[in-house]
Amino acid sequence: MRNRSHRSRAVLAVAVAALLGVAGCDATGGNSPAPKDSTRGRPSPTPAWDRSPESVAAVGDSITRGFDACTVLSDCPEASWATGSDKGVKSLAVRLLGRAGAAEHSWNYAVTGARMADLPGQMAQAVTRGPELVAVMAGANDACRSSVSAMTSVAEFRTDFKDALGTLREALPTSQVYVASVPDLKRLWSEGRTNPLGKQVWKLGICPSMLGDADSLDAAATLRRDTVQDRVEAYNKVLEEVCATDRYCRFDGGAVFDYRFGTDELSHWDWFHPSRTGQAWLAETAYRVVTARKPAA
């Protein structure tokens, strides 16, 4: 989720055969009227969700790259919640595929600093691998801007996310998608501001729209933070709505946004990105949604 200037899901073998009708003649070749089509008017069967996909690709931003989870100001993909190999994190890919399977059949195309506008390009890279599942976490950088006026509009955010799903669907019509909600940036401010070192790091330019003047509680600062929070909630509504139009997409139901994390889940390098503990929780949450019998409510 770092605000920096540089920019940063094989096909599921399930085919649903629809009974289109019966022959216009009877079995003996006579001219009796065709039987009434008993399937006409019935809704199409809901395709089965594969709770154990055999390959995983990840797209998104610095969270999915494991930024600041291992060393300061550096990506740490081995600690990624989605595809990492870290034993303490036990990534989504490792939980689904095992360590050997994850090493051979998972790929991470997330880029630190990426916004939703970057997702179609990342998705284009991911589809070349033919993944059975694509894990998506993006949107924090669209709200973490230099000012509230620089935040990505909700309309642009929706268009970019739909384009990313469209890129996937054009190449892989039945690959599954897990979509994580955008984290609660205001809680990040609330938790991180208790640490003097964290506030000093924030001054380097981490999410100024939310974290600028971290100690200020005046009306202007409060309005600024509330405006950012409202935009994050609007982004999550978009993710939920667009995902709901795709039969092979599961949204996390707001689990990431709603999680009441503490400082143990934050990187002690920047008090903003997830620590290994935070990455492990993200992996557990994703695994729970992907392997559930029903989508998150």
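Please refer to the structure higher up on the page.
Calculation rules
Residues numbered from 1 in each chain as written. Predicted model: local features only at pLDDT ≥ 70, side-chain atom pairs only at ≥ 80, totals over all residues. Heavy atoms only, no water. Patch = residues over 30% accessible without salt bridge, like charges linked within 9 Å, V, L, I, M, F, W, Y side chains within 5 Å. Areas by Shrake-Rupley, 256 points an atom, 1.4 Å probe, with all protein chains shown as cover. Salt bridge = Lys/Arg side-chain N within 4 Å of Asp/Glu carboxyl O. Helix = DSSP H or I, 4+ residues; strand = E, 2+ residues; numbered from the N terminus. Buried < 20%, exposed > 50% of the residue type's maximum accessible area, 1.4 Å probe, protein only. Contact = heavy atoms within 4.5 Å. 1 Å grid on protein atoms, 1.4 Å probe; cavity = no way out; pocket = protein on both sides within 12 Å on 5 of 7 lines; lining within 4 Å. Points joined across faces, edges and corners; volume = space filled by probe spheres on them. Nonpolar A, V, L, I, M, F, W, Y, C, P; charged D, E, K, R; others polar. Pairing = 2+ DSSP bridges. Axes fitted to C-alpha atoms, helices over the stretch in contact; angles between N-to-C directions. Expected span 1.5 Å × (residues − 1). Core = buried A, V, L, I, M, F, W, Y, C linked by side-chain atoms within 4.5 Å. Disulfide = S-S within 2.5 Å.

Asks: So what exactly am I meant to see when it comes to a nonpolar patch on the surface here?
Replies: Judged by side-chain polarity, V72, L73 and W269 come together as a nonpolar surface patch covering roughly 280 Å² of accessible area. Tracing the sequence through the fold places L73 in the loop between β1 (56-60) and α1 (92-105).

Asks: Mind showing me how you'd approach the environment of A280 here?
Replies: Along the chain, the position of A280 falls in helix α10 (residues 276-291). We classify A280 as buried; its relative accessible area is 15%. The sequence separation of A280 and K90 amounts to 190 residues, and the corresponding C-alpha distance is 6.4 Å. The residues touching A280, leaving out its near neighbours within four places in the chain, are G88, V89 and R95.

Asks: It is not clear to me how empty space enclosed by the protein should be interpreted in this structure. Could you clarify?
Replies: Think of a ball as big as a water molecule: rolled over the atoms, this probe shows where empty space is left. In this structure, the largest cavity spans a volume of roughly 180 Å³. What lines the largest cavity is a set of 15 residues, among which P183, F261, E265, P274 and L282 lie closest to the centre. Considering each element in turn, the lining of the largest cavity owes the most residues, three residues, to α10. Residue composition of the lining of the largest cavity, by class: 12 nonpolar, two polar and one charged.

Asks: Would you mind showing me how to read the sheet that holds strand β2 (residues 106-108) here?
Replies: Pairing between the strands of a sheet is mediated by backbone hydrogen bonds and can be parallel or antiparallel. Spatially, β2-β1-β3-β4-β5 is the arrangement adopted by the five strands of the open sheet, whose pairing is parallel. The open sheet has two edge strands with one neighbour each: β2 and β5 (249-251). Between one strand axis and the next, the sheet turns by 15 degrees as a mean value, whatever way the strands run. By the bridge criterion, five bridges tie β1 to strand β3 (residues 133-137) in an arrangement that is parallel. Looking at β3, one finds that V59 is bridged to V136. Where α1 meets the sheet, its contacts fall on β1, β2 and β3, and the angle it forms with β2 comes to roughly 90 degrees. Sitting on the sheet, helix α8 (residues 219-244) touches β4 (176-179) and β5, and the angle it makes with β5 is about 150 degrees.

Asks: Would you take a moment to explain α8 for this structure?
Replies: The periodicity of an α-helix, 3.6 residues per turn, causes residues three or four places apart in sequence to face the same way. Between its first and last C-alpha, α8 extends 37 Å over 26 residues, near the 38 Å set by a 1.5 Å rise per residue. Burial in α8 covers these residues: A221, R224, R225, V228, Q229, V232, Y235, N236, V238, L239, V242 and C243.

Asks: For this particular structure, what's the right way to read the nonpolar core?
Replies: Soluble globular proteins: nonpolar side chains tend toward being buried together. One finds V179, L185 and F272 to be the most contacted residues of the largest nonpolar core, which totals 49 residues. By residue number, the principal contributor to this core is α8, which donates seven residues. Core analysis: the next-biggest nonpolar cluster, separate from the first, contains 24 residues, W81, A102, L282 and V289 among them.

Asks: Explain the state of the cysteines here, please?
Replies: Disulfide: a covalent bond connecting the sulfur atoms of a pair of cysteines. Scanning the entire structure with this criterion turns up three disulfides. Residue C70 pairs covalently with C76 via a disulfide, S to S 1.8 Å. Residues C70 and C76 share a disulfide whose torsion about the S-S bond is about -65 degrees; that sign makes it left-handed. For C70, a relative accessible area of 18% translates into the label buried. On the basis of relative accessible area, C76 is assigned to the buried category, the value being 1%. Paired through a disulfide, C144 and C207 show a sulfur-sulfur distance of 2.1 Å.

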